[in-house]
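Residues per chain are reported as follows:
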Amino acid sequence: MEAALLWFVSIFLSRVNTVLSQDATNFKPPHILFILADDLGWSDVGFHGSVIETPNIDKLARQGVILDNYYVQPLCTPTRSALMTGRYPIHTGLQHGVIHPDNPYGLPLEYSILPQELKKVGYATHLVGKWHLGFYKWPYIPTKRGFDTAFGFWDGSENHYSHSVEGFLDFHDGEEPSRTWNGTYATYAYMQRAERIVRSHDPAKPLFLYMAFQNVHSPVQAPQKYVDKYKFIEDNVRRTYAGMVDILDEAVGNLTRMFQEAGLWDDTLVIFSTDNGGLPDSGGYNWPLRGTKHTVWEGGARGTAFVYGNLLKQTGVRSKELMHVTDWYPTLIKLAGGSFDPINPKPVDGFDVWETISTGKSSPRKELVINIDSSEGASLRVGDMKILLNVPNVTWYKPPELEKSFNIKHEHQKQSGADYSRERLNSGLLTYQQSAPIQVALYNITADPNEHNDLSNSSKYLDVVAKLKKRMVYYVKSMVQPLNKPSDPQARVFAEKNGCWGPWQ
């Protein structure tokens, strides 16, 4: 009997090993299309109820997994750093503001970022669109950090037609300035480059295409035919912004077509995310969430996102599981068959959430730091509860087409495509009025996602406040100092000499 049992076990294990061996041999890493929208508001896509038409985005979202409990950072540079490294910005020094074109710092070079890790397992890697992680020295530009090609701009807030910011061109093809696109709306240029990449790609090689769109970031500009679709929106900025969302959606449809025609679509995993919430001054809204870009309220950090692809075991669902932008780093690297050092130079803050997305399994993430910063304040989410400390008292902003009273001023946007001054960008909250900062607030986000009912003064929740404050202290102790440095005059000397921004040190 014992001999027979041993024989059965040995045969069973042999068959299991054979299956595992076959699975390893047949493993085919997916193509990855990561679409990052810029400043897209929570309430500005169809699947969140917007009047702005996004049929291509909505189709993919509804046939995939919509992420309803997914967080990003409140600003562009911090979110991009978190995506690329899997670390909170408080651990990389990019937690404060954004990088301007004359700032002499960038995402630290000691981090092996997402495209570098994907290249190790055979991926072709391409960036089309926005970098915004520093370029003051050559080693910081995208083609020195794992991208085979990079087409677009290196900083932020560029004019969509002239591709300039603060008086100088910021549009690059690889290491060289790209000067032939003046007058072409940036999204059109990006689509031409994306089509060239996709059509020339060998399907046998896995592809990572990072489509970091410029839309819908200010300056608020769009071709008139897209704006005219929204004549029923009386507010000019909001109407133009709607046109910007519309052309973004068209581009998503074009990407779908490109991948299908190239025979890549069935093996492609699509991730769609915004980098932060919308900004009412620029036409973007997060209604009914509270707050805006630049803030750690839900409107600044709850991200519009979904995942689509044949790899998903569940589709047509909304995931309520807690996720964060840092999670893409370990999730995509492991899905691609790669590995990474989880502790050097700083421990990875992201979790592998593939099973959560694909099968509905509970998220391994139980808490997340939204940010800790001198201007935004601090916010931490643990389970259902979210604490905010020393934050601007920001209200709720309803899209103007939903109400007649519209209290956001747009004087600075009267001229088509007017750029924000750096002072306005640095101030963060632009034109809306603020009262005194809120020292402590506590919300049950599951029950109260729109942050109406502050529980911090309730005797029932005093212990929760104390516990979350203690947990916040833990993260404060782990912080590194912000890398921010004053503007370097030599950056403008270089720009004036060459007619464009570029590495100057």
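Use the structure listed above.
Computed from a prediction, not measured in an experiment: that's the story for all the values here.

Parameters and conventions
- Residues numbered from 1 in each chain as written.
- Predicted model: local features only at pLDDT ≥ 70, side-chain atom pairs only at ≥ 80, totals over all residues.
- Heavy atoms only, no water.
- Helix = DSSP H or I, 4+ residues; strand = E, 2+ residues; numbered from the N terminus.
- Buried < 20%, exposed > 50% of the residue type's maximum accessible area, 1.4 Å probe, protein only.
- 1 Å grid on protein atoms, 1.4 Å probe; cavity = no way out; pocket = protein on both sides within 12 Å on 5 of 7 lines; lining within 4 Å.
- Points joined across faces, edges and corners; volume = space filled by probe spheres on them.
- Nonpolar A, V, L, I, M, F, W, Y, C, P; charged D, E, K, R; others polar.
- Phe/Tyr/Trp six-rings, centres within 6.5 Å; stacked < 30°, edge-to-face > 60°.
- Lys NZ or Arg CZ within 6 Å of the ring centre and 35° of its normal.
- Pairing = 2+ DSSP bridges.
- Axes fitted to C-alpha atoms, helices over the stretch in contact; angles between N-to-C directions.
- Contact = heavy atoms within 4.5 Å.
- Arc of directions from axis to C-beta.
- Salt bridge = Lys/Arg side-chain N within 4 Å of Asp/Glu carboxyl O.
- Parallel < 35°, antiparallel > 145°, perpendicular 65-115°, else oblique.
- Polar contact = N/O pair within 3.5 Å; in protein donor to acceptor, adjacent residues only side chain to side chain.

Asker: Please explain the overall build of the protein chain as it appears in this structure.
Answerer: Along its length, the protein chain carries 13 helices and 18 strands. Each of the 505 residues in the protein chain was classed as buried or not, and the buried ones make up 60%.

Asker: What is the right way to read the layout of surface pockets from this model?
Answerer: Rolling a probe over the atoms, with the probe sized like a water molecule, indicates the empty space that remains. As a volume, the second largest pocket reaches approximately 300 Å³. Together, 17 residues line the second largest pocket, and Asn 69, Arg 302, Lys 320, Arg 381 and Thr 446 are the ones closest to its centre. Looking at the lining of the second largest pocket residue by residue, the class counts come to 4 nonpolar, 4 polar and 9 charged.

Asker: Is there a simple way to explain unusual backbone geometry in this structure?
Answerer: Backbone geometry follows two general trends: most residues other than glycine have a negative phi, and most peptide bonds adopt the trans configuration. Residues Ser 218 and Pro 219 are joined by a peptide bond in cis, for which omega reads 5°. Relative to the assigned elements, Pro 219 resides in the loop between β10 (207-212) and α6 (224-227). One non-glycine residue, His 294, lies in positive phi territory at about 80°. If you check the backbone angles, Asn 390 has positive phi at about 55° while not being a glycine.

Asker: Would you mind showing me how to read the packing of aromatic side chains here?
Answerer: Applying the stated criterion across every chain, the model contains 27 aromatic pairs. With centroids separated by 6.1 Å and ring planes inclined at 15°, the aromatic side chains of Phe 147 and Tyr 210 adopt a geometry described as stacked. With Phe 147 in the loop between β4 (124-130) and β5 (149-153) and Tyr 210 in strand β10, the pair connects residues that are 63 residues apart, well separated along the chain. Tyr 210 sits in the buried class, given a relative accessible area of 2%. Members of the aromatic cluster, each reached through a chain of ring pairs, are Phe 34, Tyr 70, Trp 131, Phe 147, Phe 208, Tyr 210 and Trp 328. The ring of Phe 151 carries the charged tip of Arg 193 above its face, separated from the ring centre by 4.3 Å. Directly above the aromatic system of Trp 42 lies the positively charged group of Arg 302, at a separation of 5.8 Å from the ring centroid.

Asker: Can you walk me through the sheet that holds strand β17 (residues 385-391) in this structure?
Answerer: Each strand in a sheet pairs with another by means of backbone hydrogen bonds, the pair being arranged parallel or else antiparallel. Spatially, β15-β16-β17-β18 is the arrangement adopted by the 4 strands of the open sheet, whose pairing is antiparallel. The open sheet has two free edges, formed respectively by β15 (367-373) and β18 (438-444), since each of these has just one partner strand. Across the sheet, the axes of successive neighbouring strands diverge by a mean angle of 5°, strand direction being ignored. Pairing geometry for β15 and strand β16 (residues 377-382), over 6 bridges, is antiparallel. Pairing of Asp 373 across the sheet is with Gly 377, part of β16. Those strands touched by helix α12 (residues 462-478) are β15, β16, β17 and β18, and its axis lies near 65° from that of β17.

Asker: Got a minute to help me understand helix α2 (residues 55-62) in this structure?
Answerer: Residues lying three or four places apart along an α-helix face the same way, a consequence of the helix completing one turn every 3.6 residues. For α2, the set of buried residues is Ile 57, Asp 58, Leu 60 and Ala 61. Along α2, the residues classed as buried sweep out an arc of 165° about the axis, all on the same side. When the buried face of α2 is taken as reference, the exposed residues oriented beyond 90 degrees from it are Pro 55 and Lys 59. Contacts made by the buried residues of α2 are with β2 (65-67), α7 (236-261), β11 (268-274) and β12 (305-308).

Asker: Can you help me understand the environment of Met 385 in this one?
Answerer: Relative to the helices and strands, Met 385 is located in strand β17. Taking the C-alpha atoms as reference points, Met 385 and Val 465, 80 residues apart in sequence, are found 9.4 Å from one another.

Asker: Is there a simple way to think about the environment of Leu 40 in this case?
Answerer: Structurally, Leu 40 can be placed in the loop between β1 (31-37) and α2. Using a relative accessible area of 0% as the deciding quantity, one classes Leu 40 as buried. For Leu 40 and Asn 276, which are 236 residues apart along the polypeptide, the C-alpha to C-alpha distance reads 6.9 Å.

Asker: Would you take a moment to explain the pattern of salt bridges for this structure?
Answerer: Pairing is possible between side chains of opposite charge, provided their charged atoms come close. A complete count under the given rule lists 26 salt bridges for this structure. Among the ionic pairs, Arg 257 bridges to Glu 195, the shortest N-O distance being 3.4 Å. With a gap of 62 residues between them, Arg 257 in helix α7 and Glu 195 in helix α5 (residues 186-200) connect regions that are remote in the sequence. Between Arg 365 and Asp 327 there is a salt bridge, with the nearest N and O atoms lying 2.8 Å from each other.

Asker: In this structure, what is going on with the pairing of β4? I would like to understand it.
Answerer: Each regular strand displays side chains that alternate between the two surfaces of the sheet. Burial analysis of β4 places 7 of its 7 residues in the buried class, which makes it a mostly covered element. Pairing analysis gives 6 bridges linking β4 to β10, with the strands arranged parallel. For Leu 127, the partnering residue across the bridge sits in β10 and is Tyr 210.

Asker: Honestly, the packing of α2 against α7 in this entry has me stumped. Any pointers?
Answerer: How two helices pack is summed up by the angle between their axes together with the distance between the axes. Where α2 meets α7, the axes come as close as 7 Å, and the angle between the chain directions of the two elements is 60°. Taken together, the axes of α2 and α7 lie oblique to each other. Every residue of α7 that contacts α2 at Pro 55, Asn 56, Ile 57 and Leu 60 is listed here: Asp 249, Glu 250, Val 252, Gly 253 and Thr 256. Here the contact of α2 with α7 is composed, by residue class, of 4 nonpolar, 3 polar and 2 charged.

Asker: What is the right way to look at the side chain of Gln 221 in this model?
Answerer: By secondary structure assignment, the location of Gln 221 is in the loop between β10 and α6. Here His 160 takes part through its backbone nitrogen, which lies 2.8 Å from a polar atom of the side chain of Gln 221.

Asker: Help me understand the side chain of His 31 in this model?
Answerer: Along the chain, His 31 falls in strand β1. For His 31, a relative accessible area of 2% corresponds to the buried category. Apart from residues lying up to four places away in sequence, His 31 is in contact with His 201, Pro 203, Lys 205, Pro 206, Leu 207, Leu 264, Asp 267, Thr 268 and Leu 269.

Asker: Honestly, the sheet that holds strand β13 (residues 317-319) in this entry has me stumped. Any pointers?
Answerer: Strand order in this open sheet of 10 strands is β9-β8-β5-β4-β10-β1-β11-β12-β2-β13, and the pairing throughout is mixed. The outermost strands of the open sheet, each flanked by one partner alone, are β9 (176-177) and β13. Across 2 bridges, the pairing between β5 and strand β8 (residues 172-173) is antiparallel. Residue pairing in the sheet places Gly 152 in a bridge with His 172 of β8. Contacts between α7 and the sheet are confined to β1, β10 and β11, with β1 contributing the most and set at about 175° to the helix.

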